[in-house]
Amino acid sequence: LRTKKVAQACPMCREELPPGLDGLWDLAFRTWKRLKGMVERGEVSLLQLAVTKPEEVEEVVAMLTEAAAQGHVDAQACLGEMYGAGMGVVQDDARTFELYKQAAAQGHVNSQYNLGVMYRYGHGCEPSHERALEWWAKAAE
């Protein structure tokens, strides 16, 4: 869009996004790490995070969703983790599976392993020991 002189804006606040996909990922990840740090330090529980910091959580999810939709592998993996654990979003195995599948196809090792676990237990997909072993083997390469 930038090459066509169309400004990209945050879907939540409408401020201009940082230049490039990596800039968007970096901003989202830094914000998410800060929020996660609050949980790890005991300032807020994971369940309370979406209630006490709803705008920030929504902004992070929106930025990660945009970056993931544009193919950013780390955004896909991070968003998959969030949906898998219900961190700031409603837990959703099907969405987790799709995000891990996208990241795994791009060679993200943790996503390959996690996709194997999802196939093993049938989380977000039909259980398949064969598919689980395939993804675990790819992760181990």
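This structure is a prediction, so every number in the text was calculated from the model and none was measured.

Caption draft 1: Geometry of helix H5 (residues 93–105). The terminal C-alpha atoms of H5 lie 18 Å apart, and with 13 residues this matches the ideal 18 Å at 1.5 Å per residue to within 8%. If you check which residues of H5 are buried, you get Thr 96, Phe 97, Leu 99, Tyr 100, Ala 103 and Ala 104. Buried positions along H5 lie against helix H3 (54–69), helix H4 (73–85), helix H6 (109–121) and helix H7 (129–140). N-cap assignment for H5: the residue whose side-chain oxygen lies 3.1 Å from the backbone N of Ala 94 is Asp 92. Looking one or two residues past H5, Gly 107 carries a phi angle of roughly 95 degrees, positive in sign.

Caption draft 2: How the structure looks around the packing of helix H1 (residues 20–40) against H3. At a closest axis distance of 9 Å, the pairing of H1 and H3 adopts a crossing angle of 145 degrees. Crossing hand, H1 versus H3: left-handed. For the pair H1 and H3, the contacting residues are Leu 21, Leu 24, Trp 25, Leu 27, Ala 28, Thr 31, Trp 32, Arg 34 and Leu 35 in the first and Glu 56, Val 57, Val 60, Met 63, Leu 64, Glu 66 and Ala 67 in the second. A breakdown of the residues in the contact of H1 with H3 according to their chemical character gives 12 nonpolar, 1 polar and 3 charged.

Caption draft 3: Seen up close, the pattern of salt bridges. All chains considered together, the criterion is met by 6 salt bridges. Among the ionic pairs, Asp 26 bridges to Arg 30, the shortest N-O distance being 3.0 Å. One end of the pair, Asp 26, and the other, Arg 30, are both in helix H1, 4 residues apart, so they sit about a helical turn from each other. The closest approach of N and O atoms between Lys 53 and Glu 56, which form a salt bridge, is 3.8 Å. By relative accessible area, Glu 56 is classed as partly exposed at 23%. One network of salt bridges, in which partners are shared, links Arg 34, Lys 53 and Glu 56.

Caption draft 4: Local environment of the side chain of Thr 96. With respect to the element layout, Thr 96 can be found in helix H5. Separated by 2.9 Å, the side chain of Thr 96 and the backbone nitrogen of Gly 84 make a polar contact. Excluding residues within four positions of it along the chain, Thr 96 makes contact with Gly 80, Tyr 83, Gly 84 and Met 118.

Caption draft 5: How the structure looks around the packing of H5 against H6. Close contact between H5 and H6 brings their axes to 8 Å; oriented N to C, the two are set at 140 degrees. With respect to each other, H5 and H6 are oriented oblique. In the packing of H5 onto H6, the handedness of the crossing is left-handed. Touching Asp 93, Thr 96, Phe 97, Tyr 100, Lys 101, Ala 103 and Ala 104 of H5 are Ser 111, Gln 112, Asn 114, Leu 115, Met 118 and Tyr 119, all from H6. By residue class, the composition of the contact of H5 with H6 is 7 nonpolar, 4 polar and 2 charged.

Caption draft 6: Expanded view of the environment of Gln 91. Considering the arrangement of structural elements, one finds Gln 91 in the loop between H4 and H5. Once the C-alpha coordinates of Gln 91 and Glu 81 are considered, the two residues, 10 residues apart in sequence, prove to be 9.7 Å apart. Excluding anything up to four places from it in sequence, Gln 91 contacts Tyr 83, Gly 84, Ala 85 and Gly 86. Engagement of the side chain of Gln 91 in a polar contact is seen with the side chain of Asp 93, the distance being 2.6 Å.

Conventions and cut-offs
- Residues numbered from 1 in each chain as written.
- Predicted model: local features only at pLDDT ≥ 70, side-chain atom pairs only at ≥ 80, totals over all residues.
- Heavy atoms only, no water.
- Helix = DSSP H or I, 4+ residues; strand = E, 2+ residues; numbered from the N terminus.
- Expected span 1.5 Å × (residues − 1).
- Buried < 20%, exposed > 50% of the residue type's maximum accessible area, 1.4 Å probe, protein only.
- Contact = heavy atoms within 4.5 Å.
- Polar contact = N/O pair within 3.5 Å; in protein donor to acceptor, adjacent residues only side chain to side chain.
- Axes fitted to C-alpha atoms, helices over the stretch in contact; angles between N-to-C directions.
- Left-handed = near helix turned anticlockwise from the far one by under 90°.
- Nonpolar A, V, L, I, M, F, W, Y, C, P; charged D, E, K, R; others polar.
- Salt bridge = Lys/Arg side-chain N within 4 Å of Asp/Glu carboxyl O.
- Parallel < 35°, antiparallel > 145°, perpendicular 65-115°, else oblique.

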